[in-house]
Amino acid sequence: MLEIRNLHVKLEDQDKVILKGLDLTVESGSVHAIMGPNGSGKSTLSYVLSGRDGYEVTDGSAVLDGQELLDMEPEARAAAGLFLAFQYPVEIPGVGNMTFLRTAVNAQRKARGEEELSSTDFLKEIRAKAKALKIDAEMLKRPVNVGFSGGEKKRNEILQMAMLEPKMCILDETDSGLDVDAMRLVADGVNALRSPERSFIVITHYQRLLDHIKPDVVHIMADGRILQTGGPELALEVEKNGYADILKAHGIVAEEA
Amino acid sequence: MMATLDKATALDARLARLSVPAGGFAAKARREALERLSAAGFPGRRDEYWRWTNPTAFAAPEPARAEVPAAQPEMFDGFGRIRLVFTDGVFDAAASDALSGEEGIEITRLAEAPDVNWAASVYGTLEAAGQVPVLRPFATLNTVAATDGLLIRVTGRVKRPVNVIYRHKSEVSDPILHHVIRLEPGAEMTLLENGPSGARFNKVIEVEVAEGARFHHIRAQGPDHKRQAITHIFARIAEGALFKSFTLTVNGRLTRNECVLWLDGDNAVAHVAGAALGDGADGGFHHDDTVFVTHDALNGESRQVFKKVLKNAAVGVFQGKILVKPGAQKTDGYQISQSLLLDAASQFLGKPELEIYADDVKCSHGSTTGAIDPTALYYLRSRGVPLEEAKSLLVLSFLADAIDEIEDPALKDEIVARLEAWLATHRG
Ligand SMILES: Nc1ncnc2c1ncn2[C@@H]1O[C@H](COP(=O)(O)OP(=O)(O)OP(=O)(O)O)[C@@H](O)[C@H]1O
Ligand SMILES: [Mg+2]
């Protein structure tokens, strides 16, 4: 279970405050969707949870299964079971995708006191999982994300998630850039991982993804906070009417275009 | 006037400590070299070619004391090589394989070869040719005073690599070694060099690569942090011949590796690459790669790929030049030198140069300095890769282009393994 309480975050080197007292509880086994206007702080939330530099937590906490994430190094958060599928996956020239994944899988196993995966077992597993996501062997050999199309990068994120088997998965706009078929593949990949021990935060702008990955809870985020929480019908409502009414009800004036 | 006098004095002081070997096939070359050296003197800090590297340590009468490095597991184990060991510059026959017996290759020693006709035409000749347009007096000093070295003549395609292993056991050793290699037309060999060599090391390799011959060279310098080394490779590459050299340097207080390549026949190929990892803690790290490639024939191809990773106020230098002579049409010259600075105190100085006197050529060069990409580092860590391991991965990826210059996959793996071991023990 992930419990975020009263999270306040500002940029480290600027006065800009982005998260302004965010509360969120994600129970084990559940899928939560977060929707919200551009710039409301969704990616910032996922970066802060995963430990990216450049942000300062001025107040609040984020506890995953009893462990305070905000005190941990990024690698320790990963070993504790947190995974972020990036909105903009990072290219790493010179590091092979396969080497990267094997290093990550074994580093996490080591941190948890488990034995490293043998190369044969690793290969077997990655081939099967890559195949399910229609990622071909040639892409596994290439440097991480270098020269990958937008959709390939997103599928590569889901492959990493499938290999690392995290407890708490955050998907930041994984659907953007995916064609209809790829979206299906990704959703199938996510659904295959659903289990009573694993939870998801799915950040998206579109109801379409939520047709495939059925959320238990939907949150609307704006101006650094969760404004409203409801069931799947909330996403449908936003799809139909936009955010204006919700924002107005909370006294937030939509910025002029 | 004063400067000239000082130079002469410094040279005299240096020469006074050396016992110049007499007699033998090299006697004439040594005499001529001494004349050249007396005219040139040692370089000073004002010399343009030594702007970024202080030559004093190489000119000084005595070497600086250098503590003996801890023993390392032997490299190139399992490569079926011909092992030849020099300890502080002295050939160690007991620790070495037999010099003779391998088909297609004759190996003798400079110190033991009163008359080796083929070597007489090479010894000091390529070194002398390499003095234009820039003087390289420490190579000339080497020709004058080398006490030993290998004379290798290759007549066939030799499968087993020749592995010259250097060992450093004395804190005050000052070896001067000079190897001469001639590959006859169509011949092929691989030269492996590794190990710490002495407190101060001056080494020259002269290589004649005749028509259609292929010369492969892989060298691992160090780890031997306190030593100071100046090395030169002079190679003449004939028509359709190939020269490939890769050097890995892990630490060393002061290193200057010069490589002077002369593409003298049509369709010659010369690649030289280097990967250096330097930690300036514990007395400093200064690594200088100075390369001079001359295209003197048609359709030649040359590549220079140099990468340096520097931390704790380490200094990296690259001086690389491609000279395309009149008439050397269709030349394809490439040069890249890059450094990765792991902290703000480290420094990279690069001077890439092109001088082209032919109109139908393709030459490019580039030089960059950068730091570890924080976003890539975060991405790796967010996948559970610990900070230091993530840094090592990015360092290895930075060096990949240079390491990829190694053709043989097994040798490449050996170099990567060496690098990984070094990175694992030098974190932070
Ligand atoms: N490093 C930064 N420097 C300057 N501004 C930043 C930085 N990071 C975030 N911001 C600002 O903080 C706000 C929140 O950004 P964030 O990326 O979290 O929004 P988002 O909800 O993910 O938006 P989108 O739906 O467009 O992806 C934006 O106004 C953004 O410009
Ligand atoms: Mg975003």
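Residues numbered from 1 in each chain as written. Chains lettered and ligands numbered in written order. Predicted model: local features only at pLDDT ≥ 70, side-chain atom pairs only at ≥ 80, totals over all residues. Heavy atoms only, no water.

What about the pairing of strand 1 (residues 82-87) of chain B?
Residues and elements named next belong to chain B.
Alright, step 1. For strand 1, the buried fraction is high: six of the six residues fall into the buried class.
Alright, step 2. Neither face of strand 1 is left uncovered, since the one carrying Ile82, Leu84 and Phe86 and the one carrying Arg83, Val85 and Thr87 both have all their residues buried.
Alright, step 3. Note that strand 1 and strand 5 (residues 162-167) share six bridges and pair parallel. Counterpart to Arg83 in the pairing with strand 5 is Asn163.
Alright, step 4. Direction of pairing for strand 1 relative to strand 2 (residues 90-91): antiparallel, over a ladder of two bridges. Within the sheet, the bridge partner assigned to Phe86 lies in strand 2 and is Phe91.
Alright, step 5. The hairpin formed by strand 1 and strand 2 contains two residues between the paired strands, and Asp88 there has a positive phi angle of roughly 50°. (Buried < 20%, exposed > 50% of the residue type's maximum accessible area, 1.4 Å probe, protein only. Helix = DSSP H or I, 4+ residues; strand = E, 2+ residues; numbered from the N terminus. Pairing = 2+ DSSP bridges.)

Considering the site of ligand 1
All names here are of chain A.
Alright, step 1. In the vicinity of ligand 1, 15 residues are found, and the nearest of them are Gly39, Lys42, Ser43, Thr44 and His205.
Alright, step 2. In this structure, an oxygen atom belonging to ligand 1 sits 2.8 Å away from a main-chain N or O atom of Ser43.
Alright, step 3. Contact between ligand 1 and Glu173: an oxygen atom at 3.3 Å from a side-chain N or O atom of the residue.
Alright, step 4. The element that contributes the greatest number of residues to the shell around ligand 1 is helix 1 (residues 42-50), accounting for three residues.
Alright, step 5. Here the residues of the shell around ligand 1 are counted per class, giving three nonpolar, nine polar and three charged. (Near = heavy atom within 4 Å. Polar contact = N/O pair within 3.5 Å; in protein donor to acceptor, adjacent residues only side chain to side chain. Nonpolar A, V, L, I, M, F, W, Y, C, P; charged D, E, K, R; others polar.)

Here's the deal with empty space enclosed by the protein
Residue and element names in this part refer to chain B.
Alright, step 1. Scanning all chains against the criterion turns up four cavities of 30 Å³ or more.
Alright, step 2. Taken as a whole, the largest cavity holds about 80 Å³ of empty space.
Alright, step 3. Around the largest cavity, the lining is made up of 14 residues, and of these Tyr166, Gly195, Ser197, Phe201 and Gln221 lie nearest the centre.
Alright, step 4. Those elements that place two or more of their residues in the lining of the largest cavity are strand 7 (188-194), strand 8 (200-209), strand 9 (214-221) and strand 10 (228-237).
Alright, step 5. Looking at the lining of the largest cavity residue by residue, the classes come out as four nonpolar, six polar and four charged.
Alright, step 6. Around the second largest cavity, the lining comprises 13 residues; the ones closest to its centre are Arg219, Thr247, Asn257, Cys259 and Val272.
Alright, step 7. Mapped onto the lining of the second largest cavity, the elements with two or more residues apiece are strand 11 (242-250), strand 12 (254-263), strand 13 (269-279) and strand 14 (286-295).
Alright, step 8. Among the residues forming the lining of the second largest cavity, the class breakdown is six nonpolar, four polar and three charged. (1 Å grid on protein atoms, 1.4 Å probe; cavity = no way out; pocket = protein on both sides within 12 Å on 5 of 7 lines; lining within 4 Å. Points joined across faces, edges and corners; volume = space filled by probe spheres on them.)

Structural notes on the sheet that holds strand 3 (residues 31-35) of chain A
Residues and elements named next belong to chain A.
Alright, step 1. Read from one edge to the other, the open sheet built from six strands follows the order 6-9-10-3-11-12, with strand pairing classed as mixed. Looking along the sheet, the strands with just one partner apiece sit at the ends: strand 6 (82-85) and strand 12 (225-230). The average angle at which neighbouring strand axes cross in this sheet is 20°, direction not considered.
Alright, step 2. Summarising the sheet, strand 6 and strand 9 (residues 168-172) pair through four bridges and their orientation is parallel. (Axes fitted to C-alpha atoms, helices over the stretch in contact; angles between N-to-C directions.)

With respect to the UniProt feature "domain: ABC transporter" (unreviewed entry) in chain A
Alright, step 1. Here the UniProt-annotated "domain: ABC transporter" (unreviewed entry) positions come out as residues 2-248 of chain A.
Alright, step 2. Summarising residues 2-248 of chain A: 40% helix, 28% strand, and an end-to-end C-alpha distance of 29 Å. (UniProt positions renumbered as here; feature names shortened; annotations may be inferred.)

Remarks on the coordination of the magnesium ion (ligand 2)
All names here are of chain A.
Alright, step 1. Summarising the metal site, the magnesium ion (ligand 2) is bound by the protein donors Ser43 (OG) and Gln87 (OE1), whose distances to it range over 2.0 to 2.2 Å. Taken as a pair, Ser43 in helix 1 and Gln87 in the loop between strand 6 and strand 7 (92-96) lie far apart in primary sequence, 44 residues in all. Take Ser43 and Gln87: they sit in the same class, and that class is buried. (Donors = N, O, S within 2.8 Å, 3.2 Å for Na, K, Ca; no water.)

Overview of helix 3 (residues 97-111) of chain A
Alright, step 1. For helix 3 of chain A, which comprises 15 residues, the first-to-last C-alpha distance of 21 Å matches the rise-based estimate of 21 Å (1.5 Å per residue) to within 8%.
Alright, step 2. Note on helix 3 of chain A: the residue one or two positions beyond its end, Gly113 of chain A, has a positive phi of about 75°. (Expected span 1.5 Å × (residues − 1).)

Points about the pattern of salt bridges
Residues and elements named next belong to chain B.
Alright, step 1. Scanning all chains against the criterion turns up 52 salt bridges over all chains.
Alright, step 2. Across the pair Glu74 and Arg167 runs a salt bridge whose closest N-O atoms are separated by 3.9 Å. On the criterion of sequence distance, the pair formed by Glu74 in the loop between helix 3 (56-59) and strand 1 and Arg167 in strand 5 is long-range, its members being 93 residues apart.
Alright, step 3. Using a relative accessible area of 32% as the deciding quantity, one classes Glu74 as partly exposed.
Alright, step 4. Given a relative accessible area of 24%, Arg167 falls into the partly exposed group.
Alright, step 5. Across the salt bridge formed by Arg157 and Glu188, the nearest N and O atoms sit 2.9 Å from each other. Remark: Glu188 occurs in strand 7 and Arg157 occurs in the loop between strand 4 (150-154) and strand 5; sequence separation between them is 31 residues. (Salt bridge = Lys/Arg side-chain N within 4 Å of Asp/Glu carboxyl O.)

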